[in-house]
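Listed below are the residues making up each chain.
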Amino acid sequence: MAELFPDPLIHIGHDEPPRGCWMEDAELLERAKQMGFPGLGGLQRHFLQRVMQMVERLPFGKEPIVWAEPALSEMLFVNDSKHDGHGPITQSWLDVDHAPILAQRGFRVIESFGWYLDGLPGSASRSWQHYYERNPSRLLDPEVSKRQVLGGEACAWELDESTAFYSAEERQLVFRRFGERVWHNLVPVAERLWSRTAPEKADDQVTARVASMLERLQITIGIENVVPLELAHLLYS
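Here is what the cut-offs are and how they apply
Residues numbered from 1 in each chain as written. Predicted model: local features only at pLDDT ≥ 70, side-chain atom pairs only at ≥ 80, totals over all residues. Heavy atoms only, no water. Phe/Tyr/Trp six-rings, centres within 6.5 Å; stacked < 30°, edge-to-face > 60°. Helix = DSSP H or I, 4+ residues; strand = E, 2+ residues; numbered from the N terminus. Buried < 20%, exposed > 50% of the residue type's maximum accessible area, 1.4 Å probe, protein only. Lys NZ or Arg CZ within 6 Å of the ring centre and 35° of its normal. Salt bridge = Lys/Arg side-chain N within 4 Å of Asp/Glu carboxyl O.

### Observations concerning the packing of aromatic side chains
Applying the stated criterion across every chain, the model contains 1 aromatic pair. For the ring pair Trp67 and Trp93, a centre distance of 6.3 Å and an interplane angle of 75° mean the geometry is edge-to-face. With a gap of 26 residues between them, Trp67 in strand E2 (residues 63–67) and Trp93 in the loop between strand E3 (89–92) and helix H5 (98–104) connect regions that are remote in the sequence. Taken as a pair, Trp67 and Trp93 share a single burial class, namely buried. Directly above the aromatic system of Tyr132 lies the positively charged group of Arg192, at a separation of 4.7 Å from the ring centroid.

### A closer look at the pattern of salt bridges
Pairing between side chains of opposite charge can happen when the charged atoms of each approach one another. This structure, assessed with the given rule, holds 5 salt bridges. Between Glu133 and Lys201 there is a salt bridge, with its nearest N and O atoms 3.9 Å apart. Here Glu133 is found in helix H6 (residues 128–133), whereas its partner Lys201 is found in the loop between helix H8 (178–194) and helix H9 (204–220), with 68 residues between them in sequence. Taking relative accessible area as the criterion, Glu133 reaches 22% and is therefore assigned partly exposed. Overall, Lys201 belongs to the exposed group, its relative accessible area being 55%. Among the salt bridges present, the one from Arg209 reaches Glu191, with a minimum N-O distance of 2.6 Å. Of this pair, Arg209 sits in helix H9 while Glu191 is found in helix H8, placing the two residues 18 residues apart along the sequence. Taking relative accessible area as the criterion, Arg209 reaches 38% and is therefore assigned partly exposed. We classify Glu191 as buried; its relative accessible area is 17%.

Right, here's the structure in full:
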């Protein structure tokens, strides 16, 4: 994978580690004991450090990204990185407070909370305007933000061309067709991340720009299933 993709980063995952089931694994508990770890947390950190070292030894000059959980649970520390004296790159996705916490601790941050394009229950994004107005840098001291927040990434979970499914948690109908979910949310995120002069609120001028870009995308690259901006709220009802 490192050879296939030319960018300097490689994501090594490590989100939502299932610690509960580890405690039921006698072999794992015995291994932690043999290695001198008082609990499974030490074994997890040992595993993560090994994976990061594997990335550092690659001949392609890659740097690892991890999800936020290891840094928040003290399985990953700022001194676990050899990159220019900065903390490892973490990707925040679970809570609005996580990006500021990680940045203040010295980690570099890629923010994804509030920018999940499928609008899953609990993703904190209820309209395209909400995607636009999400700005993690506002929660931080400008110098900390400039130094530690690298940017953001819009994400999506299990988007395909199926029509809909029912969320087991919320018992609500959730549309996941690619065109219905992605474009009218991705365009606002793009302006937020790429424009230094983007206004804080999605005003009438922002609405006009987003609508115009959606029309251009349909014409130039032939995207399908794009919900008109004035009807997009129906996807979140």
